[in-house]
Amino acid sequence: AQSVAQPEDQVNVAEGNPLTVKCTYSVSGNPYLFWYVQYPNRGLQFLLKYITGDNLVKGSYGFEAEFNKSQTSFHLKKPSALVSDSALYFCAVRDSGSARQLTFGSGTQLTVLP
Amino acid sequence: NAGVTQTPKFRILKIGQSMTLQCTQDMNHNYMYWYRQDPGMGLKLIYYSVGAGITDKGEVPNGYNVSRSTTEDFPLRLELAAPSQTSVYFCAGRTGGSNQPQHFGDGTRLSIL
């Protein structure tokens with residue numbers, strides 16, 4: 001079975017500071033990992049993904065994520081947060097070898113304070 | 001392209017009523033999905049389809065039905081609405097392999113009273 005955990009329901013950061021949103025996963029094979037962002041009253045928007053290769057993945061709006069196989073983590077990062085980054089962030093995983101569908105984390109609400 | 005379009009955006013139902021949530025896409029997605037989103041619970045897969053005429057159950061299918069008569073449309077049917085079905089429903093589509101992202105509609109907010 002595959003699973004994903006986002007250990008923080010809420011993350012607050014000051015504008016201009018670096019931000020990190022945490023995600024850990026569990027799969028039996030190799031993972032496909034995704035980050036999505038959700039703004040109020042909107043659907044999820046794709047930010048970035050890890051499939052294979054370079055452990056540092058760059059995505060939309062200046063976000064990046066680091067894949068760490070030994071720690072089974074895929075944390076989302078941004079060097080300098082903007083107030084407009086305030087949103088709900090979801091991590092998702094699929095076991096590339098066996099799973100038929102994505103499993104989503106419970107989400108982390110990011111608030112960037114001016 | 002409009003992407004994935006869901007209608008209606010909001011709906012209030014009485015217990016026992018039925019309704020169909022509409023989802024249509026113009027991105028030539030072969031895979032389509034229905035999720036429900038409850039606060040603090042992430043997204044749960046209700047049903048999915050791998051192409052026209054082919055559907056399968058997800059994690060939480062009870063109380064719902066789907067059909068996929070065309071590639072573009074993937075309606076979700078609620079029979080005998082119950083308060084536990086109060087949620088936000090999202091339709092999503094995907095083109096290509098499982099390493100490709102899903103594209104989501106803006107959701108239907110459904111309340112059962």
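Use the structure listed above.
To keep things clear, this report deals only with the structure shown in the data block. This one's a predicted model, so the numbers in the text were calculated from it and none came from an experiment.

**Notes on the state of the cysteines**
Residues and elements named next belong to chain A.
Inference 1: One pass over the full model with this rule turns up 2 disulfides over all chains.
Inference 2: The disulfide bridge from Cys-23 ends at Cys-91, spanning 2.0 Å between sulfur atoms. Handedness of the Cys-23-Cys-91 disulfide follows from its S-S torsion of about -60°: it is left-handed. Here the residue Cys-23 occupies a position in the loop between β3 (19–21) and β4 (24–26), and Cys-91 occupies one in strand β10 (residues 87–95), the gap between them amounting to 68 residues.
Inference 3: Cys-23 gets classed as buried once you look at its relative accessible area, which sits at 0%.
Inference 4: Using a relative accessible area of 0% as the deciding quantity, one classes Cys-91 as buried.

**Some words on the sheet that holds strand β1 (residues 4–7) of chain B**
Residues and elements named next belong to chain B.
Inference 1: Strand order in the open sheet made by the 4 strands is β1-β3-β8-β7, with antiparallel pairing throughout. In this open sheet, the two edge strands, each paired with only one partner strand, are β1 and β7 (64–66). Strand-to-strand twist in this sheet, taken as the mean axis angle between neighbours without regard to direction, amounts to 20°.

**A short note on the side chain of Gln25(B)**
Residues and elements named next belong to chain B.
Inference 1: One can find Gln-25 in strand β3 (residues 19–25).
Inference 2: Engagement of the side chain of Gln-25 in a polar contact is seen with the backbone nitrogen of Asn-28, the distance being 3.0 Å.
Inference 3: Each residue touching Gln-25, except ones within four places of it in the same chain, is listed here: Gly-3, Val-4, Met-32, Arg-68, Thr-71 and Glu-72.

**Topic: the interface of chain B and chain A**
Inference 1: Listed as interface residues are 21 residues of chain B and, on the opposing side, 20 residues of chain A.
Inference 2: Taken over both partners, the interface formed by chain B and chain A buries close to 1,700 Å², and the fraction arising from carbon and sulfur atoms is 51%.
Inference 3: In terms of surface lost to chain A, no three residues of chain B exceed Ser98(B), Asn99(B) and Phe104(B), which account for 27% of the buried area on that side.
Inference 4: Where chain B meets chain A, there are 1 salt bridge.
Inference 5: Between Asp106(B) and Arg42(A) there is a salt bridge, with the nearest N and O atoms lying 3.0 Å from each other.
Inference 6: Remark: the boundary between chain B and chain A carries 5 residue pairs in polar contact (both at pLDDT 80 or more).
Inference 7: At the level of elements, β4 (31–37), β5 (43–51) and β9 (87–94) of chain B are the ones that each hand at least two residues to the side of chain B that touches chain A.
Inference 8: Along the lines of polarity and charge, the residues of the side of chain B that touches chain A split into 9 nonpolar, 8 polar and 4 charged.

Thresholds applied
Residues numbered from 1 in each chain as written. Chains lettered and ligands numbered in written order. Predicted model: local features only at pLDDT ≥ 70, side-chain atom pairs only at ≥ 80, totals over all residues. Heavy atoms only, no water. Disulfide = S-S within 2.5 Å. Helix = DSSP H or I, 4+ residues; strand = E, 2+ residues; numbered from the N terminus. Buried < 20%, exposed > 50% of the residue type's maximum accessible area, 1.4 Å probe, protein only. Pairing = 2+ DSSP bridges. Axes fitted to C-alpha atoms, helices over the stretch in contact; angles between N-to-C directions. Polar contact = N/O pair within 3.5 Å; in protein donor to acceptor, adjacent residues only side chain to side chain. Contact = heavy atoms within 4.5 Å. Buried area = accessible area lost by both parts, 1.4 Å probe. Salt bridge = Lys/Arg side-chain N within 4 Å of Asp/Glu carboxyl O. Nonpolar A, V, L, I, M, F, W, Y, C, P; charged D, E, K, R; others polar.

Coordinates in, geometry out; function isn't part of it.
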